[in-house]
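These are the residues of each chain, in order.
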Amino acid sequence: MSKPERNLALELVRATEAAAIAAGRWMGRNRKEDGDQAAVDAMRKMLTTVDMDGVVVIGEGEKDEAPMLCNGERVGSGEGPETDIAVDPIDGTRLLAEGRPGSLAVLAMAPRGTMFDPGPMVYMDKWVVGADAKGVIDIDAPTERNLEAIAKAKGKKVSDMTVIMLDRERHADAAQAVRESGARLRLIMDGDIAGGLLAALPDRSVDVSIGIGGTPEGVTTACALRALDGEMVGRLWARNDTERAAAREQGYDLDEVLTTERLVASPDTFFVCTGVTPGDLVDGVNYTGHGVVTHSLCMRGKSGTVRYIRADHTVTKLRELGAQGA
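This write-up is about the structure you can find in this document.

Rules of the game
- Residues numbered from 1 in each chain as written.
- Predicted model: local features only at pLDDT ≥ 70, side-chain atom pairs only at ≥ 80, totals over all residues.
- Heavy atoms only, no water.
- Helix = DSSP H or I, 4+ residues; strand = E, 2+ residues; numbered from the N terminus.
- Expected span 1.5 Å × (residues − 1).
- Buried < 20%, exposed > 50% of the residue type's maximum accessible area, 1.4 Å probe, protein only.
- Contact = heavy atoms within 4.5 Å.
- Pairing = 2+ DSSP bridges.
- Axes fitted to C-alpha atoms, helices over the stretch in contact; angles between N-to-C directions.
- Core = buried A, V, L, I, M, F, W, Y, C linked by side-chain atoms within 4.5 Å.
- Polar contact = N/O pair within 3.5 Å; in protein donor to acceptor, adjacent residues only side chain to side chain.

Look at helix H2 (residues 32–47): 23 Å from first C-alpha to last across 16 residues, which is about the 22 Å you get at 1.5 Å a residue. Inspection of H2 places Gly35, Asp36, Ala38, Ala39, Val40, Ala42, Met43, Met46 and Leu47 among the buried residues, and these make up the whole buried set. Taken together, the buried residues of H2 touch helix H1 (9–24), strand S2 (74–75), strand S3 (82–91), helix H3 (93–97) and strand S4 (104–111).

Here we come to the sheet that holds strand S7 (residues 184–188). Backbone hydrogen bonds are what pair the strands of a sheet, in a parallel or an antiparallel way. With mixed pairing, the 6 strands of this open sheet are ordered in space as S7-S6-S8-S5-S9-S10. Strand pairing shows two members of the sheet lacking a second neighbour, S7 and strand S10 (258–259), which therefore form its edges. Each of strand S6 (162–166), S7 and strand S8 (208–214) is contacted by helix H5 (residues 172–181), which is oriented at about 150° to S7, the strand it contacts most.

With that settled, consider the nonpolar core. Core analysis: the largest hydrophobic core is formed by 45 residues, its most contacted members being Met115, Leu197, Phe271, Leu281 and Met299. The greatest single-element share of this core, amounting to 7 residues, is contributed by helix H7 (residues 215–228). The residues touching Phe271, leaving out its near neighbours within four places in the chain, are Val106, Leu107, Ala108, Ile193, Leu197, Thr220, Cys223, Ala224, Leu297, Cys298 and Met299. Ala19, Val75, Ala105 and Val292 belong to the second-largest nonpolar core, a separate cluster that totals 37 residues.

By the criterion of burial, S3 is predominantly enclosed, with 9 of the 10 residues buried. Summarising the sheet, strand S1 (residues 53–58) and S3 pair through 5 bridges and their orientation is parallel. Bridge pairing links Val56 to Ile85 in S3. Alignment of S3 against S4, held across 7 bridges, turns out to be antiparallel. Following the sheet pairing, Ile85 is matched in S4 by Met109.

Take the side chain of Asp190 next. Locating Asp190 in the fold gives a position in the loop between S7 and helix H6 (192–200). The exposure class assigned to Asp190 is buried, which follows from its relative accessible area of 17%. There is a polar contact of 2.8 Å between the side chain of Asp190 and the side chain of Arg94. Aside from chain neighbours lying at most four places away, what touches Asp190 is Arg94, Leu95, Leu166 and Arg168.

Function-wise, these values are silent; they only describe arrangement.
The structure is reproduced here in structure tokens:
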């Protein structure tokens, strides 16, 4: 099996830039599917220029009944390293449609056969921390105990910590436990991937991301955590008996503790995202008189390299590429 050796993140970022530029036109227009479709079309087109034999393992759209880059779809030129691909052309389609901050165009990659396939399991319960709190989470322990362990590892008080969590009814008990622990709680509307990265990046004010979010987003985030030396600890979460039965029939162990290494078995990962609407992780697309400015984050697991890229796309280049991106 061939392995990626060059820094493919610097090639993949052109696909997330293209998706962000195409989708950004739909910000605040309350047309969720149109924005997502624009991102899918632009990302798919740009991926054909990357020299790789990629297979989409984590596809986009099934949960939201949105346009898809389908599981099993072949992407890339067909030549070069054999890879697994995770795509989320828009993480935060509602954020984009309503003109709210934090939507991203996202891609991740790992060598063929190393990404966890979530099958029928749409959601997982997960904890995400950075390198300074790696190894202290016990997913079976009470929330308060885990927060105390994380605070101790970070050398701070629980009351100094910030916890980020999706604002969902299913998190009512967990949110109350965070409040009772004394930690600060930040609730976000959407943006599961961004929430995890904010907890893992050492220069951000979030200490831990917790709660039940998307399994595909969990696998994608795990690719970034390989570069950051962060950690995810989680467990598949069934929405109902039908989903639970389907998972067991397909051989999934719903009691298994899923680690970063289980979600993506190789350290040779790549992760890229480009801001669509302005957010805490990266800035959004800015359309100017001379073109478009994008802001992206690129990571490589093998080297631990983290790059922030500001790209100025001129009108001429955009026209050459069918207004998709540079």
